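# Observations on the model geometry
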Amino acid sequence: MTAYWESTAPGAGRRPARADAPSDARVLSLNGTWRFRLAPTADGTGPGFVADGFDDSGWDEMRVPSHWVLEEFTPLAGGPARSMLGTAEGPLYTNTAYPIPLDPPHVSTENPTGDYRLVFELPDDWVDGTVLRFQGVDSCAKVWLNGTELGWSTGSRLPFELDAPVRPGRNVLAVRVHRWSSGTYLEDQDMWWLPGIFRDVELIERPPGAIDDHYVHADYDHETGTGTLRVDATTEAVVEIPELGIRMATGETARVPVEPWSADVPRLYRGTLRSTVETVELAVGFRHVEITGGVFTVNGRPVTFRGVNRHEHHPDTGRTLDRETMVQDIVAMKRANVDAVRTSHYPPHPEFLRLCDEYGLWVLEECDLETHGFIYAGWEKNPPADPAWRDALLDRVRRMVERDKNHPSVVIWSLANESWTGETFTVLRQWVADRDPSRPVLYERDPSYRDSDFYSLMYPSLEDLDRIGRRAEDTPDGVTPAEDERRRSLPFLLVEYAHAMGNGPGSLQDYRRIMLEHDRICGGFVWEWIDLGINAVTADGTAHVMHGEDIDYEPCGGRFNLDGLLFSDRTPTPALAELAKAYEPVRVTVGADGVLVDNLRHTADTSDLTFTWTLTDDGEPVADGVLDVPAVGAGGQGRVAVPVPAHPPRGTLVLTVEARTAADAVWAPAGHVVAWGQHVLAEPPVRPLPRWSDDGDRAPGGADVTLGPGTFDAATGRLVRLGDLALDGPVLDVHRAPTENDHGQGDLNDLASVWSATGLDRMLHRTDLVERADDHLRVAGRTAPTTHAHGVDWTMLWQPDGAALVLTVEVELTGPWADTPHRHRDILLPRLGLRLSLPSAYARARWFGRGPGETYVDSFEGSRLGTFDRAVDDLQTPYPVPQENGNHVQTRWLELTGKDVPPLRVDGVEGYPTFDFTARRWTSQDLQRARKPHDLRDSGRVWLNLDHRQQGIGSASVGPALPERYRVPRERTTWSVRLQAG
Ligand code: GAL
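Residues numbered from 1 in each chain as written. Predicted model: local features only at pLDDT ≥ 70, side-chain atom pairs only at ≥ 80, totals over all residues. Heavy atoms only, no water.

## With respect to the sheet that holds strand β7 (residues 130-134)
- Taking strand neighbours across the sheet as the criterion, the four strands line up as β2-β15-β7-β11 in an open arrangement whose pairing is antiparallel. Every other strand in the sheet has two partners, leaving β2 (27-29) and β11 (160-163) as the edge strands with one partner each. Strand-to-strand twist in this sheet, taken as the mean axis angle between neighbours without regard to direction, amounts to 25 degrees. (Pairing = 2+ DSSP bridges. Helix = DSSP H or I, 4+ residues; strand = E, 2+ residues; numbered from the N terminus. Axes fitted to C-alpha atoms, helices over the stretch in contact; angles between N-to-C directions.)

## With respect to the packing of aromatic side chains
- Throughout the structure, instances matching the rule amount to 29 aromatic pairs.
- Arranged with centres 5.5 Å apart and planes meeting at 80 degrees, the rings of F49 and W144 form a pair that is edge-to-face. A residue pair is termed long-range when its members are at least 10 positions apart, and F49 in the loop between β3 (32-39) and β4 (60-64) and W144 in strand β9 (residues 140-145) qualify at 95 residues.
- The class for W144 is buried, based on a relative accessible area of 10%. (Phe/Tyr/Trp six-rings, centres within 6.5 Å; stacked < 30°, edge-to-face > 60°. Buried < 20%, exposed > 50% of the residue type's maximum accessible area, 1.4 Å probe, protein only.)

## Side note on the pattern of salt bridges
- Applying the stated criterion across every chain yields a total of 91 salt bridges.
- Residue R157 is joined to D138 by a salt bridge in which the shortest nitrogen-to-oxygen separation is 3.1 Å. Placement of R157 in the loop between β10 (148-154) and β11 and of D138 in strand β8 (residues 137-138) is noted, with a sequence separation of 19 residues between them.
- Using a relative accessible area of 1% as the deciding quantity, one classes R157 as buried.
- The exposure class assigned to D138 is buried, which follows from its relative accessible area of 6%.
- For R450, the salt bridge goes to D451, with nearest N and O atoms at 3.9 Å.
- Residue classification places D451 among the buried positions, given a relative accessible area of 4%. (Salt bridge = Lys/Arg side-chain N within 4 Å of Asp/Glu carboxyl O.)

## A closer look at the environment of L145
- Tracing the sequence through the fold places L145 in strand β9.
- Put simply, L145 and A254 are 109 residues apart on the chain and 44 Å apart in space, counted from C-alpha to C-alpha.

## Things to note about the site of the ligand
- The environment of the ligand is formed by N95, D190, H345, N417, E418, M458, Y459, E496, H499, W527, D563 and V958.
- Interatomic distance of 2.7 Å between a side-chain N/O atom of H499 and an oxygen atom of the ligand.
- When the ligand sits alone it has 310 Å² of accessible area, and the protein chains cover 93% of it.
- For the shell around the ligand, the per-class residue count stands at four nonpolar, four polar and four charged. (Near = heavy atom within 4 Å. Polar contact = N/O pair within 3.5 Å; in protein donor to acceptor, adjacent residues only side chain to side chain. Areas by Shrake-Rupley, 256 points an atom, 1.4 Å probe, with all protein chains shown as cover. Nonpolar A, V, L, I, M, F, W, Y, C, P; charged D, E, K, R; others polar.)

## Some thoughts on helix α7 (residues 508-517)
- Judged by how many residues are buried, α7 sits mostly within the fold: seven of 10 residues are covered.
- All of the buried residues along α7 are L508, Q509, D510, Y511, R512, I514 and M515.
- At its buried positions, α7 is contacted by β26 (305-309), α5 (462-469), β32 (492-497), β33 (521-526) and α8 (574-582). (Contact = heavy atoms within 4.5 Å.)

Shown next as structure tokens:
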């Protein structure tokens, strides 16, 4: 006989799926401390543990809800606490491959199984008719109450309910949870495998006459402003929405003028559904979702989602989240101008959706279904293509739709992620269409898109996205002309883009611009909201963030679970500021003659915003005021003049206009900046390049060569003193510590390997010429890697300029640049610039340019132009995997200061007004070598990189190659900077 955990049936003994809604029905939470014993196989501790009188006194204590692999085990019988982190018994991270043999529906005999026991007391006045609800158990659970088997279930991120014949007084609940089951084959999402009872367990009173299930049909007609409401229920009940004067029976329809629900104005009408014994709370949002003319609309207006993909994650508790953490996510999303969330790749805790209704987020809810690992068998036996799995798949979709059908925030159902094709998708789609005709259905991975109302892809290049916007995309292989024609008529939804792994992503603005240009594109969802790292400690007690590579297990998804806009502890990465800018719902374009306000919102006008202006001179505020911007309707545009006073500038005059919230909202206090724009009104002239002449005497110099405030080493030509500052450099630098995106995806776009194959990370320097003339010093040489014949010939021309030196660098890249093990003809440089070694006393940086966060040529628009002041140590972004970080583009001047060292000032000069800089206490090589942040040590120097140009960041870790325009071309280049100390 097939064991239940290896059966393709989804479960047995469960009650029909139904809506999840707060009600006054009595609930006894069974969350808390249970007894637990882990066993190596599906037999668990054996048959005895279900018995009433079973002695579990020697068992461990286990928090419920939790994942046992993240808990410390302290045996009740004594002994040391044990953590499974970092072991094959603990959390495992795989991306696409299954951690068990691909042998559906079977699993290995090695199948860690947790036996759970809870003894609870039933309140004396508890009425009969009880339901036991598990909100989520990973991956398969069998349940006994007082020794009687109630049923079993798979479908980890979905609830199941069982009739529970409780008895007065003492009750004993026993649950056996298998880490692996047939359900494992349907849950191959790119994430940690985290078994356990990880969501709430509840006992719910269900007296006769309780409302088992209800279905709120709330539609909106944007032409008339009328809302239509009908509530169906399994029990006769009264619907009351006092605010709308509605009091009617279930099954009746009311038509009333209403304000519609949208993500920007999440108007909810609260009410009740009352039967003789139970009152269910209603939170009704009226809205109408429709695809018309190939455009996705809500309430008659196109929607362009400003979305993110969200996994449920906490670095200590995994996918067990408390309400506070959910609110934290939503608040951070709203503040970053995110208005949509894809629940990748499973239904979230139901509370999250209640919060989305209330705070206002469009939700693309995805079913708990992914069979990605079948790719390793050429998609043989893929469950969606095998009728044996039909019930199991339908069960998942049904449980999602039934649970969440009443949420106005949910506007699209997604059948699955990355599960290739199969007839069952047609069955699923048909079931959804019958049960809920009010929402469209998405399935991204079938190239025919026959079971999807959207065309959708992941990670297209900018060019491809633009082509899609114009409905001019290429035809995918293997589809019929009829399928192709239908697909071309569909709206396009970008389920995943901008892979936020490590430093990055770049091009957020570029993607947004394209999305806004085409009505066909209903927006996109950045991958992904949060890094999925787990808090761990090394053997010597050092705290670190654990990722896939920290576990010795095959298969291993590597570091790909650290790809969020937030770090694992929910600190924003610099990408979040960039995203907030790209996702601005109101665009503020500042010009010399005024401000243009584009209201890109779906529903709301701008009357909730206050527009203020500030004039700064080299970062110092000189005047400000409030602008009187008449309310601009959604989709509209307005223009106002800014009364800027005449002000003779000292430095760069910048006019900044901000749109701030005028009143407190649930997600931000009044004054929150929603959008901003800047315009440079005046710039001081860039310092001219000093003249020089090639005439006059030249001399090779003695031991030291001096020029103006500078002293140079006669042999190397390096600057060793500038005024009172002892330093060393500059040397030509063409390398950076690879970012995750520089590593590309497998062999694809793996720039980092090309850089090391071509030796960019191991350059040696040779000086050929140090020649002093009257008004300049010329140093020439070559910087080249070990092994290779290619290199960079350079000339550095130094000129005194008052108390400063102006340096003009000329580089010529000498070939062949192709003679590498990789035979790459297209070797580009990560950076082209200079590196100086400075005393460690330098502790602060002040600069005028973009800031305060790190910026790159393809990700700077979220950082303002201004004067910033930061400690050198705070210029580092602590990526959990060390890599290039902390750059600043468009810097006009930089001043480094510290105790007992003269201030070092760097300025742009004529022709080269700006530069990039990074300053850190370790070299790029140290950064490249480090595996974890704690590997980075103060080298005793401050390393200052002044780049003519550094390449952009992109998102090639899972995505297209870095666009050409953000690269550093390998060509003859000249630039200048000015250095002054003291
Ligand atoms: C997608 C997948 C995500 C994640 C991402 C890369 O293919 O849907 O779950 O794996 O790529 O991080």
